[in-house]
Every structure is written in C-alpha cells, then in structure tokens.
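Here are the chains, one letter per residue:
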Amino acid sequence: MHTDSAALVNSARVGEVLKDAKASFLLKGLESPESDAEWLMMSLLHCARSELFTNSDLTLSAEQVIIFNDYVERRISGEPPQYIVGEAEFFGRTFLVNPNVLIPRPETEILINEAIAAAGEPRHPGILDIGTGSGNIAITLAKEIPHAAVKGIDISAEALAVAEENKNRHHCNNLTFAQLDILKEHPDGSYDIIVSNPPYIPMHEMDGLMTDVKDFEPTFALTDESDGLTYYKRITAIAQELLTPGGWVIAEVGGGEHSNKVMDIFRSYAFQQCELSKDYNGVLRVLKAQFCG
Ligand code: GLN
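Residues numbered from 1 in each chain as written. Predicted model: local features only at pLDDT ≥ 70, side-chain atom pairs only at ≥ 80, totals over all residues. Heavy atoms only, no water.

Could you clarify how one ought to interpret the environment of proline 198 in this entry?
With respect to the helices and strands, proline 198 occurs in the loop between strand S6 (191-196) and helix H10 (211-214). Judged by its relative accessible area of 3%, proline 198 falls in the buried class. Setting aside residues up to four positions removed in sequence, proline 198 forms contacts with Tyr231, Tyr232 and Glu252. (Helix = DSSP H or I, 4+ residues; strand = E, 2+ residues; numbered from the N terminus. Buried < 20%, exposed > 50% of the residue type's maximum accessible area, 1.4 Å probe, protein only. Contact = heavy atoms within 4.5 Å.)

Explain helix H3 (residues 33-45) to me, please; I cannot follow it from the model alone.
End to end, H3 covers 18 Å across 13 residues, agreeing with the expected 18 Å (1.5 Å per residue, within 8%). Counting buried positions over the 13 residues of H3 gives ten, a clear majority of the element. Looking only at H3, the buried set comprises Pro33, Asp36, Ala37, Glu38, Trp39, Leu40, Met41, Met42, Leu44 and Leu45. For H3, the secondary structure elements touched by its buried residues are helix H2 (14-28), helix H4 (49-54), helix H5 (62-76), helix H6 (81-85) and strand S1 (87-90). (Expected span 1.5 Å × (residues − 1).)

What exactly am I supposed to notice about the environment of glycine 152 here?
Looking at the element boundaries, glycine 152 is found in strand S4 (residues 149-154). Residue glycine 152 is classed as buried on the basis of its relative accessible area of 0%. Along the sequence, glycine 152 and glycine 135 sit 17 residues apart, while their C-alpha atoms lie 7.0 Å from each other. Apart from residues lying up to four places away in sequence, glycine 152 is in contact with Asp129, Thr132, Leu175, Thr176, Phe177 and Ala178.

What exactly am I supposed to notice about the packing of aromatic side chains here?
Under the definition given, this model contains four aromatic pairs. With centroids separated by 4.9 Å and ring planes inclined at 75 degrees, the aromatic side chains of phenylalanine 266 and phenylalanine 271 adopt a geometry described as edge-to-face. Residues phenylalanine 266 and phenylalanine 271 agree in their burial class; the two are buried. One cation-aromatic arrangement involves lysine 288 over tryptophan 248; the distance from NZ or CZ to the ring centre is 4.9 Å. (Phe/Tyr/Trp six-rings, centres within 6.5 Å; stacked < 30°, edge-to-face > 60°. Lys NZ or Arg CZ within 6 Å of the ring centre and 35° of its normal.)

Would you take a moment to explain the confidence of the model for the protein chain for this structure?
Low pLDDT means the predicted atomic positions in that stretch should not be read closely. Per-residue pLDDT for the protein chain averages 93, and the proportion of residues at 70 or more is 96%. Taken as a whole, residues 1-7 scores under 50 in pLDDT and shows five contacts with residues more than four places along the chain or in a different chain. (pLDDT = per-residue confidence, 0-100.)

Hey, could you run me through the site of the ligand in this one?
Surveying the vicinity of the ligand reveals the residues Leu102, Pro104, Thr108, Gly131, Thr132, Asn136, Ile137, Asn197, Pro198 and Ala221. Between the ligand and the protein, one listed contact pairs a nitrogen atom with a backbone N or O atom of glycine 131 at 3.1 Å. Notes on the ligand: free accessible area 300 Å², of which the protein chains cover 97%. Its residues assigned to classes, the shell around the ligand comprises five nonpolar, five polar and no charged. (Near = heavy atom within 4 Å. Polar contact = N/O pair within 3.5 Å; in protein donor to acceptor, adjacent residues only side chain to side chain. Areas by Shrake-Rupley, 256 points an atom, 1.4 Å probe, with all protein chains shown as cover. Nonpolar A, V, L, I, M, F, W, Y, C, P; charged D, E, K, R; others polar.)

Can you walk me through the packing of H2 against H3 in this structure?
For any two helices packed against each other, one specifies the inter-axial angle together with the distance between the axes. Two elements in contact, H2 and H3, have axes whose closest approach is 8 Å; the angle formed by their N-to-C orientations is 140 degrees. Looking at the two axes, H2 sits oblique to H3. For the pair H2 and H3, the sense of crossing is right-handed. Residues Val14, Val17, Leu18, Ala21, Lys22, Phe25 and Leu26 of H2 form the contact with H3, whose own contacting residues are Pro33, Glu34, Asp36, Ala37, Glu38, Leu40, Met41 and Leu45. Considering only residue class, the contact of H2 with H3 consists of eleven nonpolar, no polar and four charged. (Axes fitted to C-alpha atoms, helices over the stretch in contact; angles between N-to-C directions. Parallel < 35°, antiparallel > 145°, perpendicular 65-115°, else oblique. Left-handed = near helix turned anticlockwise from the far one by under 90°.)

What am I meant to see in the nonpolar core here?
Residues Tyr232, Val249, Phe266 and Phe271 are the most contacted members of the largest nonpolar core, which totals 34 residues. Considering each element in turn, this core owes the most residues, four residues, to helix H14 (residues 256-268). Discounting chain neighbours no more than four positions away, the residues touching phenylalanine 266 are Tyr232, Ile235, Thr236, Val249, Phe271, Cys274, Leu287 and Ala289. In terms of nonpolar packing, the next biggest core, distinct from the first, is built from 27 residues, Ala115, Ile193, Val195 and Val286 among them. (Core = buried A, V, L, I, M, F, W, Y, C linked by side-chain atoms within 4.5 Å.)

Dropping the structure here:
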C-alpha cells in the first residue's frame, strides 16, 4: 500500500517534521518513536542528536522532505532504522550495515567487555570471531586491544564485504577476515580467545520474533534452523584444534533456558570456570568458559 507522504509530514521545519514523524511512529505502535525519528533525521542532516534541537527552525528542502518521507514510510513498514540509514552504533563506533548482516545489538557489548578482560594475560592474544557479520565484534576488539591479532570468519561473502568496508573505515591493521563454514571446516592455527555471537534462536521461536527482526534481518544470522545449540556444540567439538590450553570461549547466549543448555554443553567438554554474565536488562547473555586442554 502506498502511504500519502503529505499525511506523514505536514511541514518542512525540522522541529515540526520530527514531531509529525514521532506521532506517526507512535500511532503505528513502534517501540521507540522518538529515537527512531531522531536517528532518521540525524542521518538526513548528517548531524549529532544535540544539533537536532539547535536546528529545529531550519527549513528542509523539497528534496530532503521527499527523502525523509521515504525513511518514515519504510520505518512504518517495519524496516529497522539502521538499515534505512545504513549505519549502526556499537561500542561507541559507527558500523556500516545492510540486510546481509545482523544489526549489532547493545547486549553484545557485554561480550566485548569480557573479551577485553580475558585478553589481559597473553601479551599478543590471538582472537577468532566466529560469524563475524558486519565485523562489529572483530573490529571493536582489534581497536580496543591493539596488540591482539584478530581473525573474523563468516560463511557469507556478502557479509564479509560489509566487514571489509568497516575494517577500512576503522583502519585496522591487526585484523583479517576469511570466508569459512565453521560447521564443515575450521581455520588454521590456534587462538587464545574465541568470541562468537552465533545464530542461536531455535527454529520454533522464529515466528514469535518482532517484524523488524523476522522480516528484515538475515535468517541465517539469527537461527541455526534447529535447537539453537548447533554452533556451541561445534565450537566445543573443535576446541582441541582451535584453542591454546587455558584459552577462552566467550559467546553470546539466548538467556533463560538457552543459557543453561549452553552451560551444560561446555561443562560436559574440557571446560572449566564456566560463567554467565548479565546484559543491561538483567538477562544472562554471555558465556565465558576456559579450556583446560
Ligand atoms: N558478530 C555479529 C554481531 O554480533 C553478527 C552475528 C551473527 O550474524 N549472528 O552482531
């Protein structure tokens, strides 16, 4: 259905346009109407959030109004704002994203903190990121731990193209990417830390996801099309080849029942010190386990 743009945005002044967009998003029942509208406007004007308010009386050009109306319509149809503007924020940096990669989530920043803490010991830790997607985890770790050597792998060539662009954008020289299906093969060499935010949503839960996620984000990055445990089982099965003795696996998990199942998998292999950390919402979100070798 085509929405009449004039009904979405009645005025061309930034403040009014923002107000109308927020009202449309609220009416549609979107979760974050204010920040969605502001995020889209920040992208249109290439400005910081604080500048939106100082620019409130600025008049948008006819062309800008057309672009913004398109943003608003796409958001109303459920498209995530990050795909609309082509960027997402993660750990204080901006990453390019498109529908070939998962949108980085704030919860995943917990994994970064755990990995930085684990990297404190070896002087030049080798880090492997399994299922790198946009490269957000690999690039953040390469920047935050400059003495580390980071490798990011992904099955998808399209995702790796995004990761490479992000690597160039953030000027990383201690990071490489490679295309590899971890379920069938594994990279050479051994690593001090394996990090991963694998596809962990069980297939039977996919229908219950929000439209924004289910209809727009890549299915293969969300679910293993099974019980949500495939990648953890695989990581433990190849740990002997991939990890140095005493090395760490730091992986995002699905909270609740899922996190307990992942703990059981790691405990039944040669892992000790299996711990779960909570995310900003108090959900158990990151598993940290040390390989005994
Ligand atoms: N590593 C990326 C992230 O954490 C992508 C993860 C994935 O595709 N499952 O956002």
